[in-house]
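Here is how the chains run, residue by residue.
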Amino acid sequence: MSQVMKGYKARGVVLSTVKYGDSGMVVQMLTDRYGRQSYMVQGVRSSRGRGSKMALFQPLFMLRFEGLESNHSELHKMREVQNDVVFSSIPYDVRKSTIALFMAEVLYRLIGESEANEALFEFVYTSVEALDRMEEGVANFHLWFLANLSRHLGYFPGNNHRKGDIFDMREGLFVATQPLHDATMNEAEAEMLRDLLECDLDCLGEIPLNRAQRVAMLTRLVEYYAIHLEAIRSVRSIEILQEVF
């Protein structure tokens, strides 16, 4: 069977890159059309012509491109790539660039290659745009993102929080009494989780967390995910987040 190439237009968010050959790379992206997809991109490190395109493929950069799908390979090709959103702050703010690295790594670890998920893609896209714009509440953003990502991965809490509840991480439920295991968030952490899930991004700066509370809450959220998706434990940027925030 001869090779057939089918072109398409798509938007995507860069998750990771791996060097391939002298001037190419394989780029993992979350796309609106194919979900998470691998792309071969040639000539990105070439010094000829218009120069290197490496700057386009940084973690969480938002691109618009033409893709090529082959009937002989699961690896798509990419051409005619450009920024879909030009960031005003993420590449220049160490707090935001650290969060972007974390978000990209979490998405890479937790989302397998699958069919498009429009709700997940739009959540990620609007979250990245919001991070770039926001001025207040940046220090809490990674907690908000991780808590609300659970809605799109099937681990969103199954009931509403009531005053005095703790959170059963195994069952994904707010409960009034301690279950027969220790995989729980205490009352204060359960309230914090509720606030993160209910909070509008414009009000994220109003959640009063100090550094110790942020570190503790990130630890609990990672533990919650790890019960269902062990891959989150291999996210190396968690340690960097804990140092920055």
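Structure: see above.
The following paragraphs examine the structure supplied in this document. (Residues numbered from 1 in each chain as written. Predicted model: local features only at pLDDT ≥ 70, side-chain atom pairs only at ≥ 80, totals over all residues. Heavy atoms only, no water.)

**Some thoughts on the pairing of strand β3 (residues 35-41)**
One face of the sheet, then the other: side chains in a regular strand alternate in exactly this way. In plain terms, the rule: The buried label goes to any residue with under 20% of its type's maximum accessible area, the exposed label to any with over 50%, and the partly exposed label to all in between, with areas taken from a 1.4 Å probe on protein chains only. Each helix is a run of DSSP H or I of at least 4 residues and each strand a run of E of at least 2, with the numbering of both proceeding from the N terminus. Strands are treated as partners if at least two bridges between them are detected by DSSP.
The buried fraction of β3 is high, at seven of seven residues. When strand β2 (residues 24-31) meets β3, the two strands line up antiparallel, connected through seven bridges. Counterpart to Met25 in the pairing with β3 is Val41. Connecting the antiparallel pair β2 and β3 is a turn made up of three residues. Note: β3 against strand β5 (residues 73-83), two bridges, orientation parallel. Among the inter-strand pairings, Tyr39 is bridged to a residue of β5, identified as His76.

**Looking at the layout of surface pockets**
Short version of the rule: Only protein atoms enter the 1 Å grid, on which a cavity is a set of points fitting a 1.4 Å probe that cannot get out and a pocket is an open set with protein on both sides within 12 Å along at least 5 of 7 lines, lining residues being those with an atom within 4 Å of a point. Grid points are joined across faces, edges and corners, and a volume is the space filled by probe spheres set on the points. The nonpolar class holds Ala, Val, Leu, Ile, Met, Phe, Trp, Tyr, Cys and Pro. Asp, Glu, Lys and Arg form the charged class, and all remaining residues, Gly among them, are polar.
By volume, the largest pocket amounts to about 240 Å³. Leu15, Ser16, Leu101, Glu105 and Arg236 are the residues nearest the centre of the largest pocket, which is lined by 15 residues in total. Among the elements of the structure, β1 (5-20), α1 (94-110) and α6 (237-244) are those that each provide at least two residues to the lining of the largest pocket. Among the elements that make up the lining of the largest pocket, the one with the highest residue count is α1 (five residues). Residue classes in the lining of the largest pocket are distributed as eight nonpolar, four polar and three charged.

**Considerations on the packing of helix α4 (residues 187-198) against helix α5 (residues 211-228)**
Spelled out, the test is: Helix axes are fitted only over the stretch in contact, all axes being lines through C-alpha atoms; the angle between N-to-C directions runs from 0 to 180 degrees. Each angle receives one of four descriptions, namely roughly parallel if under 35 degrees, roughly antiparallel if over 145, roughly perpendicular if within 65 to 115, and oblique otherwise. The contact criterion used is simple: two residues touch if any of their non-hydrogen atoms lie within 4.5 Å.
The N-to-C vectors of α4 and α5 enclose an angle of 85°; their axes lie 11 Å apart at closest approach. When the interaxial angle is binned, α4 and α5 end up roughly perpendicular. When α4 is examined against α5, the residues Glu189, Met192, Leu193 and Leu196 are found in contact with a partner set consisting of Gln213, Met217, Arg220 and Leu221. Each residue belonging to the contact of α4 with α5 can be placed in one class, and the counts come to five nonpolar, one polar and two charged.

**Details of the pairing of β5**
By the bridge criterion, six bridges tie strand β4 (residues 62-70) to β5 in an arrangement that is antiparallel. Within the sheet, the bridge partner assigned to Arg64 lies in β5 and is Gln82. Counting the residues between successive antiparallel strands, the hairpin from β4 to β5 contains two residues.

**With respect to the sheet that holds β4**
Strand order in the closed barrel formed by five strands is β1-β2-β3-β5-β4, and the pairing between neighbours is mixed. Each neighbouring strand pair of the sheet contributes to a mean axis angle of 55°, computed without reference to strand direction. Helix α2 (residues 118-133) rests against β1, β2 and β4 of the sheet, and its axis sits at about 60° to β1.

**What to know about the packing of aromatic side chains**
Filter applied, for reference: Pairing of aromatic side chains requires ring centres within 6.5 Å, counting the rings of Phe and Tyr and the six-membered ring of Trp. Pairs whose planes differ by under 30 degrees are stacked, by over 60 edge-to-face, and all others tilted.
One pass over the structure, following the stated rule, counts ten aromatic pairs. Look at Phe61 and Phe87: their rings are 5.2 Å apart centre to centre, the planes differ by 85°, and that puts the pair in the edge-to-face class. Note that Phe61 is positioned in the loop between β3 and β4 and Phe87 in the loop between β5 and α1, a separation of 26 residues in sequence. For the residue pair Phe61 and Phe87, the accessibility class agrees, reading buried in each case.

Remember that the coordinates give geometry; whether it matters functionally is a separate question.
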